Amino acid sequence: QVHIVESGGGLVQSGGSLTLSCTASGKILSIEDMAWFRQAPGHERELVAIITKDGTTNYADSVKDRFAIAGDMTKKTVNLQMNSLNPEDTAHYYCRMTIHESLLFTTSDFWGRGTQVTVSS
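These numbers come from a predicted model, not from an experiment.

The rules behind each value
Residue positions within a chain follow its written sequence, with the count starting from 1. For a predicted model such as this one, the threshold for reporting local features is a pLDDT of at least 70, and the threshold for listing and counting side-chain atom pairs is 80 or more; totals across whole chains, interfaces and linings nevertheless cover every residue. With hydrogens and water set aside, each side-chain value is computed from the structure's full complement of heavy atoms. The pairing criterion for strands is at least two bridges between them, as found by DSSP. Only DSSP runs of H or I reaching four residues or more are called helices, and only runs of E reaching two or more are called strands; each is numbered from the N terminus. Our working definition of a disulfide is a cysteine sulfur pair at a distance within 2.5 Å. Exposure is judged per residue with a 1.4 Å probe applied to protein chains only, and the accessible area is read against the type maximum: over 50% gives exposed, under 20% gives buried, and values in between give partly exposed. For Phe, Tyr and Trp, rings pair up if their centres lie within 6.5 Å, where Trp contributes its six-membered ring, and each pair is then called stacked (planes under 30 degrees apart), edge-to-face (over 60) or tilted (otherwise). Salt bridge, as used here, is a side-chain nitrogen of Lys or Arg placed within 4 Å of a carboxyl oxygen of Asp or Glu.

Trainee: So what's going on with the pairing of strand β4 (residues 28–39)? Residues and values would help.
Mentor: As paired elements, β4 and strand β9 (residues 91–101) share 10 bridges and run antiparallel to each other. Along β9, the bridge assignment pairs Trp-36 with Cys-95. Two strands pair when backbone bridges link them, and β4 and strand β5 (residues 46–52) are joined in this way by six bridges, in the antiparallel orientation. Among the inter-strand pairings, Met-34 is bridged to a residue of β5, identified as Ile-51. In this antiparallel pair of consecutive strands, β4 and β5, the connection spans six residues, and Gly-42 shows a positive phi of 80 degrees.

Trainee: How would you summarise the state of the cysteines if you had to cite specific residues and measurements?
Mentor: Summed over all chains, the structure comprises one disulfide. Across the disulfide, Cys-22 is cross-linked to Cys-95 (sulfur-sulfur distance 2.1 Å). Negative torsions about the S-S bond denote left-handed disulfides, and the value of about -85 degrees found for Cys-22 with Cys-95 makes this one left-handed. Of this pair, Cys-22 sits in strand β3 (residues 18–25) while Cys-95 sits in strand β9, placing them 73 residues apart in sequence. Each member of the pair Cys-22 and Cys-95 is classed as buried.

Trainee: Break down the packing of aromatic side chains for me, citing the residues and quoting the values.
Mentor: Counted under the stated rule, the structure contains one aromatic pair. Seen from their ring centres, Phe-37 and Trp-111 are 4.8 Å apart, and the 55 degrees between their planes marks the pair as tilted. Of this pair, Phe-37 sits in strand β4 while Trp-111 sits in strand β10 (residues 107–111); the two residues are 74 residues apart in sequence, bridging distant segments of the chain. Judged by relative accessible area, Phe-37 falls into the buried class, the value being 13%.

Trainee: Explain the pattern of salt bridges residue by residue, including any values.
Mentor: In the structure shown here, the tally under the stated rule is five salt bridges. A salt bridge links Arg-96 to Asp-33; the shortest N-O distance between them is 2.8 Å. Taken together, the residues span a long stretch of sequence, with Arg-96 in strand β9 and Asp-33 in strand β4 at a distance of 63 residues. Of the two residues examined, Arg-96 and Asp-33, each falls in the buried class. As a salt-bridge pair, Arg-66 and Asp-89 come within 2.8 Å of each other at their nearest N and O atoms.

Now the structure itself:
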């Protein structure tokens with residue numbers, strides 16, 4: 001029932017900026033946290049940034065000071081502002097939310113299909 005969709009990916013030159021957006025829909029009671037992951041060809045999926053319901057944020061060292069995550073638990077949306085992009089940031093970016101579904105007593109992680117970000121030299 002829960003559906004997560006990302007948008008905002010594309011091609012950008014090195015040094016440029018891009019903003020990713022993610023929205024969840026379905027029978028959602030509440031959201032515990034929202035995060036962005038990325039996976040480049042030949043690499044493992046890694047956590048990029050996460051924000052919890054109390055507003056706490058954490059970033060991967062490689063993107064700290066360049067990326068910013070912002071979310072609205074009520075609107076069920078999360079954005080990732082990416083600045084000073086470099087070719088090493090090229091990857092498929094995924095949105096993941098820890099969600100408490102309506103009528104259930106546990107939380108689960110839900111993933112979007114992702115959006116491609118390509119940074120050219």
